[in-house]
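As a plain string of letters, each chain reads:
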Amino acid sequence: FRLLGRRGLIAAVLAVPVLAAGLYFGSPAIRERIVESAGHIAEFQAGHPETGDGVRLEFWRNTVGLIRQHPVFGGGTGSYAFEYRQLAEREGLTGERLSDNPHNEYLLIASQQGLIGIALFLALWVVQWRASAQLSPTERHLNRGLVLLMVVGDLFNSFILDNLEGHFYVLLTVALCAGWSRARDGFRN
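Counting restarts for each chain: residues are numbered from 1 in the order of the written sequence. Note on the predicted model: pLDDT of at least 70 is required for a residue's local features to be given, and 80 or more for side-chain atom pairs to be given and counted; whole-chain, interface and lining totals, by contrast, use all residues. Values reported for side chains reflect all heavy atoms of the structure, with hydrogen atoms and water molecules removed beforehand.

Visitor: Please clarify how the overall build of the protein should be interpreted in this entry.
Guide: Helix and strand labels come from DSSP, where a helix needs a run of H or I of at least four residues and a strand needs a run of E of at least two; each type is numbered from the N terminus. Looking only at helices and strands, the protein features eight helices and zero strands. Here the globule rule is a power law, 2.2 Å times the number of residues to the power 0.38, and the radius of gyration is based on C-alpha atoms. Against the globule reference of 16 Å for 189 residues, the protein gives a C-alpha radius of gyration of 20 Å, more extended than a compact globule. Its C-alpha atoms put the protein at 60 × 45 × 25 Å along the principal axes. Residue exposure (1.4 Å probe, protein chains only): buried if accessible area is under 20% of the type maximum, exposed if over 50%, otherwise partly exposed. For the protein, the residues scored as buried account for 34% of the 189 residues in total. Taking contacts inside the protein between residues at least 6 apart in sequence as the whole, the part at least 24 apart equals 59%. With residues, only the protein chains shown are counted as cover, and all accessible areas are computed by Shrake-Rupley using a 1.4 Å probe. Put simply, the protein shows about 11900 Å² of open surface, and 66% of that area lies on carbon and sulfur atoms. As used throughout, the charge tally considers Lys and Arg to be positive and Asp and Glu to be negative, leaving His and the chain termini uncounted. Lysine's charge is taken at NZ, arginine's at CZ, aspartate's at CG and glutamate's at CD. If the 17 positive side-chain charges of the protein are averaged to one point and the 17 negative ones to another, these points end up 15 Å apart. The contact criterion used is simple: two residues touch if any of their non-hydrogen atoms lie within 4.5 Å.

Next up, the structure:
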């Protein structure tokens, strides 16, 4: 998009399915993993969540149940592990079906800080995205790429909670956004 504008965006939208199909048919490992995941999801829907993907889906479903108990303010910072342990005792969950992390940052935050917390968390991404318009083109695109990486990654992991990914995000944000005050003051490189 940056180089070719709308034509580049259209080309990318068309190229992604072609690339995905090429990877699916050209890589037995990718094809096997997709077929395996589809089987795990079918097993989960049939009431057998003991598969890898089924366990993750069960974490998500159970976390949504925790969110429903206190949707506005959440259960409090750090409450997820305690509340999930109580739920696991009631439901008879053992082994890998126990969790102190739902493997989804948005669900984790919503369960602990409620709708207010998730709204503030999403506002962080919006502010960082919009404020990066003040940066040089390279810094702007790298910063927005970082935001997109975190937004998508947080769907399947808890990047902010995880030590390495959380520090990665903070350090890159500081490095990429160091020019905000210069840009606001009218100083350009």
